[in-house]
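Chain residues, written in single-letter form:
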Amino acid sequence: MPRGRYTLHDPHDHTPLGEEHFQCAPGPSGWRYVSRTTTPDGAHAGSLDLTLDDLGRPIRLELRAADWHVRAAALDGVTWVRSDPRGEHAQEGNAAAHAFTGASPAFLVALARLLRPEPAAPAVRVRLVAFTPPVLAPRTIDQAWALTDSEAHATDNAPLIVDAYQVGDLQTGEQHTVHLAGDVVLSAPGVELEDLESPPSGFA
């Protein structure tokens, strides 16, 4: 069960955004990731609880940031309920999308698991609903994912496979690279893995 800490920063000007303390593991339903985020001064900033099924579909998402709360799942596309800071009103939403994304590195692992692009194959297009802090307002985006490289790195146990994905924003044309080892993000724009207590878990 990997447990560790990511530091988060603005990918453009590198302004520190805080830290994400996480643990994740394969389970009976597929894969689960739980985390809590803190601000640069250590204050609580939010939390995430994400569960995928064996095919990588998000069957449960619970996201909190700045008192906003989102509960969501893959249902008739994707469906969510977003609650306001006072908890007096709830807004329901639905979109013809495949999954969710947001600021957490968990969403990168989840999308790689869902899409499973083949090496040297054309990029896989995907429509997502993004929830970004601090207010978690839903926004629909389109991305393209391609697996560009896989390298085996020797360890004391089994070789560690590191996959490199090229991710493109189909609305802006921006592209970036994400490096994953199993269910852990090694590097991505705005994300640095600072601490890892146990090896990544692989997917069957």
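Student: Please clarify how the environment of Gln166 should be interpreted in this entry.
Tutor: Mapped onto the secondary structure, Gln166 falls in strand 12 (residues 160–169). Gln166 gets classed as partly exposed once you look at its relative accessible area, which sits at 34%. Sequence separation of Gln166 and Ala144 is 22 residues, and the distance between their C-alpha atoms is 8.0 Å. Those residues in contact with Gln166 that sit more than four places away from it in its chain are Ala144, Trp145, Ala146, Thr148, Gln175 and His176. At 3.5 Å, the side chain of Gln166 forms a polar contact with the side chain of Gln175.

Student: Help me out: how do you make sense of the nonpolar core in this one?
Tutor: Grouped together as the largest cluster of nonpolar side chains are 47 residues, with contacts concentrated most on Leu50, Leu61, Trp80, Phe100, Phe131 and Trp145. If one sorts the elements of this core by residue count, helix 1 (residues 106–115) sits on top with nine residues. Leaving out residues up to four positions away in the same chain, Trp80 has contacts with Val70, Arg71, Ala72, Gln91, Glu92, Gly93, Asn94, Ala95, Phe100, Val129, Phe131 and Pro138.

Student: Looking at this structure, how should I read the side chain of His9?
Tutor: You can see His9 is positioned in strand 1 (residues 3–9). Ignoring any residue separated from it by four or fewer positions in sequence, one finds His9 in contact with His14, Thr15, Pro16, Leu17, Gly190, Val191 and Glu192.

Student: I would appreciate a short explanation of the pairing of strand 2 (residues 16–27) in the present structure.
Tutor: Remark: a regular strand shows side chains that alternate across the two faces of the sheet. Both strand 1 and strand 2 contribute to a ladder of seven bridges, which runs antiparallel. Note that in strand 2 the partner of Thr7 across the bridge is Glu19. A loop of six residues connects strand 1 with strand 2, the two strands running antiparallel in sequence, and His14 in this loop sits at a positive phi of about 65°. Across nine bridges, the pairing between strand 2 and strand 3 (residues 30–38) is antiparallel. Considered in strand 3, the bridge of His21 is made with Arg36. Linkage of strand 2 to strand 3, two consecutive antiparallel strands, is achieved through a turn of two residues.

Student: Any chance you could explain unusual backbone geometry here in plain terms?
Tutor: If a residue is not glycine, its phi is most likely negative; likewise, a peptide bond is most likely trans. Cis geometry marks the peptide bond from Pro133 to Pro134, where omega comes out at 10°. You can see Pro134 is positioned in the loop between strand 10 (124–132) and strand 11 (137–153). A positive phi angle, near 75°, is found at Asp67, a position not held by glycine. Examined against the element boundaries, Asp67 turns out to sit in the loop between strand 5 (58–65) and strand 6 (68–73). Overall, the relative accessible area of 63% leaves Asp67 in the exposed class. One non-glycine residue with positive phi stands out, namely Arg116, at about 45°. Along the chain, Arg116 falls in the loop between helix 1 and strand 10. Look at Arg116 and you get partly exposed, because its relative accessible area is 37%.

Student: Whenever I open this one, the packing of aromatic side chains confuses me. Can you help?
Tutor: The geometry of an aromatic ring pair is captured by the separation of the ring centres together with the interplanar angle, meaning the angle of the planes. All chains considered together, the criterion is met by six aromatic pairs. Aromatic side chains Phe22 and Tyr33 sit 5.7 Å apart centroid to centroid with 5° between the ring planes, which places their arrangement in the stacked category. Of this pair, Phe22 sits in strand 2 while Tyr33 sits in strand 3, placing them eleven residues apart in sequence. Note on accessibility: Phe22 and Tyr33 belong to one class, buried. For the pair Trp31 and Tyr33, a centre-to-centre distance of 5.8 Å together with 45° between the ring planes defines the contact as tilted. For Tyr33, a relative accessible area of 1% translates into the label buried. Note that Arg82 overlies the ring of Trp68, its terminal NZ or CZ placed 3.9 Å from the centroid.

Reading the values: rules and limits
Residues numbered from 1 in each chain as written. Predicted model: local features only at pLDDT ≥ 70, side-chain atom pairs only at ≥ 80, totals over all residues. Heavy atoms only, no water. Helix = DSSP H or I, 4+ residues; strand = E, 2+ residues; numbered from the N terminus. Buried < 20%, exposed > 50% of the residue type's maximum accessible area, 1.4 Å probe, protein only. Contact = heavy atoms within 4.5 Å. Polar contact = N/O pair within 3.5 Å; in protein donor to acceptor, adjacent residues only side chain to side chain. Core = buried A, V, L, I, M, F, W, Y, C linked by side-chain atoms within 4.5 Å. Pairing = 2+ DSSP bridges. Phe/Tyr/Trp six-rings, centres within 6.5 Å; stacked < 30°, edge-to-face > 60°. Lys NZ or Arg CZ within 6 Å of the ring centre and 35° of its normal.

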